[in-house]
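So you can see what is in the structure, the chains are spelled out below.
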Amino acid sequence: DALDMTTGVYDSPSFEADENSDDTDAFFNAETHAQKIDFACRHYHHKAAPGVRWVYRTSDAYVLGTAMQAFARRRLGPDADLYDTLLAGQLWRPEHLSPPMMSTLRTRDAVRQPLVGFGLTYHPDDAVRLARFLAVDKGKIGGEPMLDETMLRRALQRDPQHRGMLAGEPGFDYVDGVWGRDLAPVLKCGAPAWTPFMSGYGGISIVMLAGDVQYYYFGDSQVWDWSPAAVEINKLRPICR
């Protein structure tokens, strides 16, 4: 439920209201893990049953990351690290991602909890390699699956029975931490054209289009609408199926 942003714990169900509220300054500005997890777990309250209402909040991703860190250490030992051992060690290095991606921002205390939900620095090449790893290589390295194949199919909008939860407005879904957008209304397709994409603070988009096309945009202008690029890409390589 935390991965789907459907914990049922929130303040306002309005689109991005919690995420953009002044209250979240306390979470983003907190320097210790204790402060961040206290805000994430105590500031909001149960408003709905888990799994039935989508409300985007970075603090939920942080809660999930905290649980994943604990799980990794129970399974792999007390020195294991969610980011260094699993992500960087088993995925990023084999995929030849850049040196900046080998580390992440962390809390400024002895816990050094990875800032899951934010805290990465991408080289442009990383955006393409990561998108290709997910959408083209299907999460495999050397032919070996590195990710849960069922979850990945859902995340990439390749399971029509599990599109995810309505995310903000019709035509946008969210499942397993990845956004999906139906480009049919934009491109005048005769059938749905669900496209997975990742979205980040300020105006970041990494889009995995049909035809093995990856599009990325990084900016601070609060622009998240990449549909004009999809229109132009569609002229070169059809997106409608």
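Above this note sits the structure.
As the structure is a prediction and not an experimental result, all values here were calculated from the model. (Residues numbered from 1 in each chain as written. Predicted model: local features only at pLDDT ≥ 70, side-chain atom pairs only at ≥ 80, totals over all residues. Heavy atoms only, no water.)

Is there a simple way to explain the overall build of the chain in this structure?
From N to C terminus, the chain includes eight helices and ten strands. The C-alpha radius of gyration of the chain comes to 18 Å, within 12% of the 18 Å expected for a compact globule of 241 residues. Here the C-alpha coordinates of the chain stretch approximately 50 × 40 × 35 Å along the principal axes. By residue count, 44% of the 241 residues in the chain fall in the buried class. Once local pairs closer than 6 in sequence are excluded, the contacts in the chain between residues at least 24 apart make up 50%. Of the roughly 12900 Å² of accessible surface on the chain, a fraction of 54% belongs to carbon and sulfur atoms. (Helix = DSSP H or I, 4+ residues; strand = E, 2+ residues; numbered from the N terminus. Rg over C-alpha atoms; globule rule 2.2 N^0.38 Å. Buried < 20%, exposed > 50% of the residue type's maximum accessible area, 1.4 Å probe, protein only. Contact = heavy atoms within 4.5 Å. Areas by Shrake-Rupley, 256 points an atom, 1.4 Å probe, with all protein chains shown as cover.)

Which parts of the structure should I look at to understand helix α4 (residues 82–92)?
Each full turn of the α-helix corresponds to 3.6 residues, which orients residues three or four apart in the same direction. Listed as buried for α4 are L82, Y83, A88, L91 and W92. Down the axis of α4, the buried set is contained in an arc of 120°. They therefore lie on one face. Where the residues of α4 are buried, they touch α3 (58–76), α5 (124–135) and β3 (140–141). A side-chain oxygen of the first residue of α4 lies 2.9 Å from the backbone nitrogen of Y83; this N-cap is D81. (Arc of directions from axis to C-beta. Polar contact = N/O pair within 3.5 Å; in protein donor to acceptor, adjacent residues only side chain to side chain.)

I'm lost on the environment of G8 in this one. Help?
As for its position among the elements, G8 is in the segment before β1 (9–10). As for G8 and I37, which are separated by 29 residues in sequence, their C-alpha atoms are 17 Å apart. Leaving out residues up to four positions away in the same chain, G8 has contacts with H45, H46, K47, A48 and A49.

What's the story with the packing of aromatic side chains in this structure? I'm lost.
Two aromatic rings are characterised by how far apart their centres lie and by the angle between their planes. Summed over all chains, the structure comprises 18 aromatic pairs. Aromatic pair F27 and F39: ring centres 5.9 Å apart, planes at 35°, arrangement tilted. Taken together, the residues F27 in helix α1 (residues 25–29) and F39 in helix α2 (residues 33–42) connect sequence positions twelve residues apart. Across from the ring centre of F27, 4.8 Å away, lies the NZ or CZ of K36, which sits over that ring. (Phe/Tyr/Trp six-rings, centres within 6.5 Å; stacked < 30°, edge-to-face > 60°. Lys NZ or Arg CZ within 6 Å of the ring centre and 35° of its normal.)

Please explain the sheet that holds strand β5 (residues 165–166) as it appears in this structure.
Here six strands make up an open sheet; going across it, the order is β5-β6-β7-β8-β9-β10 and the pairing antiparallel. Each end of this open sheet is capped by a strand with a single partner; those strands are β5 and β10 (213–218). Sheet topology note: the strand β7 (residues 178–182)/strand β8 (residues 194–200) ladder contains four bridges and is antiparallel. Directly across from D182, in β8, lies its bridge partner W194. Across the sheet, α5 touches β8, β9 (204–209) and β10, and the angle it forms with β10 is around 140°. (Pairing = 2+ DSSP bridges. Axes fitted to C-alpha atoms, helices over the stretch in contact; angles between N-to-C directions.)

What exactly am I supposed to notice about the state of the cysteines here?
In protein structure, a disulfide is the covalent linkage between the sulfur atoms of two cysteines. On inspection of all chains with the given rule, the structure shows one disulfide. Disulfide pairing places C189 opposite C240 at an S-S distance of 1.9 Å. With the S-S dihedral at roughly -70°, the linkage between C189 and C240 falls on the left-handed side. Of this pair, C189 sits in the loop between α7 (184–187) and β8 while C240 sits in the segment after α8 (227–236), placing them 51 residues apart in sequence. (Disulfide = S-S within 2.5 Å.)

Where do I start with the pairing of β7 in this structure?
Working note: regular strand, side chains alternate between the two faces of the sheet. With five of five residues buried, β7 is to be regarded as a mostly interior element. Going residue by residue along β7, you find V178, G180 and D182 tucked away on one face and W179 and R181 tucked away on the opposite face as well. In terms of strand pairing, strand β6 (residues 172–175) meets β7 through four bridges, oriented antiparallel. Among the inter-strand pairings, V175 is bridged to a residue of β7, identified as V178. Between β6 and β7, which pair antiparallel one after the other, the connecting turn spans two residues, and D176 there sits at a positive phi close to 50°.

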